Amino acid sequence: MNKKDSDSPRFDLIELFFFAYRDFTGDPDVLLDELGFGRAHHRVLHFVHRNPGIRVSDLLGILKITKQSLGRVLKQLVDDDFICQEPGALDRRQRLLYTTEKGTEFCARLSKLQSQRINKAISLMPDGSDEIVRQFLYLMIDENERSEVARLITKQTD
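Now for a quick tour of the structure. Bear in mind that the values here come from a model prediction, so they are computed numbers and not experimental data. (Residues numbered from 1 in each chain as written. Predicted model: local features only at pLDDT ≥ 70, side-chain atom pairs only at ≥ 80, totals over all residues. Heavy atoms only, no water.)

Helix and strand counts for the protein stand at eight helices and three strands. Listing every helix and strand of the protein by position from the N terminus yields α-α-α-β-α-α-β-β-α-α-α. Principal-axis analysis of the C-alpha atoms gives the protein an extent of 55 × 35 × 30 Å. Counting across all 158 residues of the protein, residues that qualify as buried make up 23%. Here the contacts in the protein between residues at least 6 apart in sequence split such that 53% fall between residues at least 24 apart. With an accessible surface of roughly 11300 Å², the protein has 56% of that area assigned to carbon and sulfur atoms. (Helix = DSSP H or I, 4+ residues; strand = E, 2+ residues; numbered from the N terminus. Buried < 20%, exposed > 50% of the residue type's maximum accessible area, 1.4 Å probe, protein only. Contact = heavy atoms within 4.5 Å. Areas by Shrake-Rupley, 256 points an atom, 1.4 Å probe, with all protein chains shown as cover.)

Following this line, the structure appears as structure tokens:
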């Protein structure tokens with residue numbers, strides 16, 4: 001890509017991102033809607049499930065949302081028995097979050113839908129493309145956030 005091209009809007013990729021995100025989130029949206037949940041519920045469930053015992057403050061940092069926004073969604077997930085809260089062992093003021101059995105099963109259903117879409121797309125690409133896709137997505141993350149995201153993802157796959 002030459003300098004002139006890099007200054008031009010990348011509508012081709014911008015629009016592909018919009019459509020890919022629409023369909024990537026659209027599959028789980030159907031299941032979420034059946035329970036009266038939305039994408040915020042999905043994000044909270046996902047990161048609580050992937051980080052058992054996560055502190056509310058750490059979840060706020062990952063999601064970059066306000067305490068008020070999280071509070072509404074979290075209350076519904078706790079009330080509907082998808083997430084449970086426990087006080088910290090050393091600091092009883094801490095609220096540690098875990099998915100319940102119901103929450104864990106629902107997360108599995110949601111991630112299966114999204115994994116099927118990802119796996120199908122990557123299977124249609126040349127061998128080794130999954131690593132290129134991984135690198136591209138990683139580089140799309142704000143440079144100041146990359147190391148924290150890498151640490152979070154590495155911790156979850158260990």
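What follows covers the packing of aromatic side chains. Per the stated rule, a full pass over the model turns up three aromatic pairs. With 5.2 Å between their ring centres and 75° between their planes, Phe37 and Phe82 make a pair best called edge-to-face. On the criterion of sequence distance, the pair formed by Phe37 in the loop between helix H2 (11-34) and helix H3 (39-50) and Phe82 in the loop between helix H5 (67-79) and strand E2 (83-87) is long-range, its members being 45 residues apart. Taking relative accessible area as the criterion, Phe37 reaches 6% and is therefore assigned buried. (Phe/Tyr/Trp six-rings, centres within 6.5 Å; stacked < 30°, edge-to-face > 60°.)

Relative to each other, H2 and helix H6 (residues 101-123) sit at 150°, their axes nearing to 9 Å. With respect to their mutual orientation, H2 and H6 come out roughly antiparallel. Considering only the axes of H2 and H6, their crossing is right-handed. Residues Asp23, Phe24, Thr25, Asp27, Pro28, Leu31 and Leu32 of H2 form the contact with H6, whose own contacting residues are Phe106, Arg109, Leu110, Leu113, Gln114, Arg117 and Ile118. Looking at side-chain class alone, the contact of H2 with H6 contains eight nonpolar, two polar and four charged residues. (Axes fitted to C-alpha atoms, helices over the stretch in contact; angles between N-to-C directions. Parallel < 35°, antiparallel > 145°, perpendicular 65-115°, else oblique. Left-handed = near helix turned anticlockwise from the far one by under 90°. Nonpolar A, V, L, I, M, F, W, Y, C, P; charged D, E, K, R; others polar.)

What follows covers the environment of Ser115. When you line up the elements, Ser115 lands in helix H6. In the structure, Ser115 is positioned 91 residues away from Phe24 in sequence and 9.3 Å away in space, judged by C-alpha atoms.

Right, let's get into the pairing of strand E3 (residues 95-99). Where strand E1 (residues 54-55) meets E3, two bridges bridge the pair, whose relative direction is antiparallel. Counted as the bridge partner of Arg55 is Leu96 from E3. Examined bridge by bridge, E2 and E3 share five bridges and lie antiparallel to one another. Across the sheet, the residue bridging to Cys84 is Tyr98, located in E3. (Pairing = 2+ DSSP bridges.)

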